Amino acid sequence: MIGPAYSLFGRGLGDSPLSNVGADYFLVQLPEREMNKFISAFDIPDFAAFLQEAQQVKQTPFAWKTLGLNKTIGLIFMNPSLRTRLSTQKAALNLGMAPMVMNIDKDGWKLASGEGVIMNGDAAEHVKDAVAVMGQYCDIIGVRSFPLLVNREEDYAENIIGDFIRYAGVPVVSLESATRHPLQSAADLITIEQYKTTPRPKIVLTWAPHPRALPQAVPNSFAEWMCAAGADLTIAHPEGYELDPKFTDGAKIVHDQAAAFRNADFIYAKNWSSYHEYGQILCRDRAWMVDQAKMQLTNNAKFMHCLPVRRNVVVEDAVIDGPHSIVIQQAANRVVAAQVVLKRMLEAMV
Ligand code: CP
């Protein structure tokens, strides 16, 4: 359980070899606790303190009801969302903030990006102008922007969230970017702390089949957070699904799913498309679905998934509906994670 005796898998983020990742998005170097952005694990310099705050927020969610008084958060979606959309609004409301939500892909002007672009096509507004205007209306801005999965270099440059950080003039929260989903990973860390029964549980991130090509953001981010926390992480996937190694330094990578499941304490299932053959589906083998037989190899492992999930494709009904499934509790912790992040941003404004 999260609490004062908490030990974070025996390592702190400052010790991580990955601790410089994400630094390219700093515009203004603020003191450690003054958050002007939340886009990766490296915006949380103190995981143990973060988890203790999460415990406080869980126990007394309305204790900071006046912190966000007269403050507005804009939640800008370029892609669909259920959990991120609702949990971040709920977190903001718990802090007394007013949320404004915009589906910019449906309700906004089509945006152009890049310096010197000649806007004689169908884009009516430049992202520079749109984001700067949003910053006039909001005290914090959250943005969701998926990768196109066509050009890896472009996606991994994270230009959209980079433009928000450059032009908003207010703190920016990633609601899932091209390569990371930090609010999800923060909730995952909180959930593992909540349910772990040994100090350093065996955590397995397993690839699972899916009919569509999905981003690598969730597995990248989960691996980044777990490696940064010093967790015992095994990643199981078919050959060709290796993630960008900058996210997986410290994880054990295997291609034998059953071997990975042996003695696991947590199974985290997720599909992703290939990073190396960028955006491609290389494997449709249904044998990679998480089922009861494989779960029986584990140490009564808890089953996790970020949701939404394709039942009986990614995971068998019997597993996700079974007693070891914690997917709903994991989703509930999305509010807690978002509330800690927003609380830290608001406290930095006082
Ligand atoms: N897990 C997650 O981010 O869910 P949504 O896409 O529904 O927000």
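Residues numbered from 1 in each chain as written. Predicted model: local features only at pLDDT ≥ 70, side-chain atom pairs only at ≥ 80, totals over all residues. Heavy atoms only, no water.

**So, helix α8 (residues 217-228)**
Counted only if it meets this: Comment: elements are numbered from the N terminus, with helices defined as DSSP H or I runs of at least four residues and strands as E runs of at least two. The span expected for a helix works out to 1.5 Å for each residue beyond the first. Exposure categories follow from relative accessible area, calculated using a 1.4 Å probe and restricted to protein chains: below 20% of the type maximum is buried, above 50% is exposed, and the middle band is partly exposed.
The end-to-end C-alpha distance of α8, which contains 12 residues, comes to 16 Å, matching closely the 16 Å that a straight helix rising 1.5 Å per residue would cover. Counting buried positions over the 12 residues of α8 gives 12, a clear majority of the element. Along α8, the residues that are buried comprise Ala-217, Val-218, Pro-219, Asn-220, Ser-221, Phe-222, Ala-223, Glu-224, Trp-225, Met-226, Cys-227 and Ala-228. At the C-terminal side of α8, Gly-230 shows a positive phi close to 75°.

**Topic: the pairing of strand β6 (residues 140-144)**
For the record, the criterion: A strand pair is defined by DSSP finding two or more bridges across the two strands.
Most of β6 is tucked away, with five of its five residues classed as buried. Of the two faces of β6, the one holding Ile-140, Gly-142 and Arg-144 and the one holding Ile-141 and Val-143 are both buried throughout. Where strand β2 (residues 72-77) meets β6, five bridges bridge the pair, whose relative direction is parallel. For Ile-73, the partnering residue across the bridge sits in β6 and is Ile-140.

**Considerations on the site of the ligand**
The line we're drawing: It suffices for a single heavy atom of a residue to lie within 4 Å of a molecule or strand for the residue to be listed as near it. Think of a polar contact as two N or O atoms within 3.5 Å of one another; within protein, one of them needs to be a possible hydrogen donor and the other a possible acceptor, and neighboring residues in sequence only count if both atoms come from side chains. Method for areas: the Shrake-Rupley scheme with a 1.4 Å probe, in which residue coverage is limited to the protein chains shown. For each structure, a 1 Å grid was placed over the protein atoms alone; sets of points admitting a 1.4 Å probe that cannot get out are labelled cavities, open sets with protein on both sides within 12 Å along at least five of seven lines are labelled pockets, and lining residues have an atom within 4 Å of a point. Put plainly, a molecule is in a cavity or pocket when over half of its atoms are within 2 Å of the grid points there. Under this grouping Gly is polar, as are all residues other than the nonpolar Ala, Val, Leu, Ile, Met, Phe, Trp, Tyr, Cys and Pro and the charged Asp, Glu, Lys and Arg.
Around the ligand lies a shell formed by Ser-81, Leu-82, Arg-83, Thr-84, Arg-144, His-181, Gln-184, Cys-306, Leu-307 and Arg-334. Side-chain polar atom of Arg-334 to an oxygen atom of the ligand: 3.2 Å apart, as the coordinates give it. Within the complex, 93% of the 250 Å² of free accessible area of the ligand lies under protein. At a threshold of 2 Å from the grid points, most atoms of the ligand map onto the second largest pocket. Here the shell around the ligand is composed, by residue class, of three nonpolar, four polar and three charged.

**Digging into the sheet that holds strand β9 (residues 232-236)**
Formally: Note on method: axes are straight lines fitted to C-alpha atoms, helices fitted across the in-contact stretch only, with angles between N-to-C directions ranging 0 to 180 degrees.
Strands sit in the order β10-β9-β8-β11-β12 across an open sheet of five strands; the sheet is parallel. Each having just a single partner strand, β10 (252-254) and β12 (302-304) make up the two edges of the open sheet. Averaged over all neighbouring strand pairs, the angle between strand axes comes to 20°, with direction disregarded. Across three bridges, the pairing between strand β11 (residues 266-270) and β12 is parallel.

**Quick look at the packing of helix α7 (residues 182-195) against α8**
Selection criterion: An angle below 35 degrees is read as roughly parallel, one above 145 as roughly antiparallel, one from 65 to 115 as roughly perpendicular, and any other as oblique. By convention the crossing between two helices is left-handed if the near helix lies anticlockwise of the far one by an angle smaller than a right angle, and right-handed if it lies clockwise. Between two residues, a contact is recorded if the distance between any of their heavy atoms is within 4.5 Å.
Taken N-terminus to C-terminus, the directions of α7 and α8 make an angle of 50°; their axes are 9 Å apart at the nearest point. The angle between α7 and α8 falls in the class oblique. Of the two elements, α7 crosses α8, and the hand of that crossing is right-handed. Contact with α7, carried on its side by Pro-182, Ser-185, Ala-186, Asp-188, Leu-189 and Ile-192, involves Ser-221, Phe-222, Trp-225 and Met-226 of α8 and no other residues of that element.

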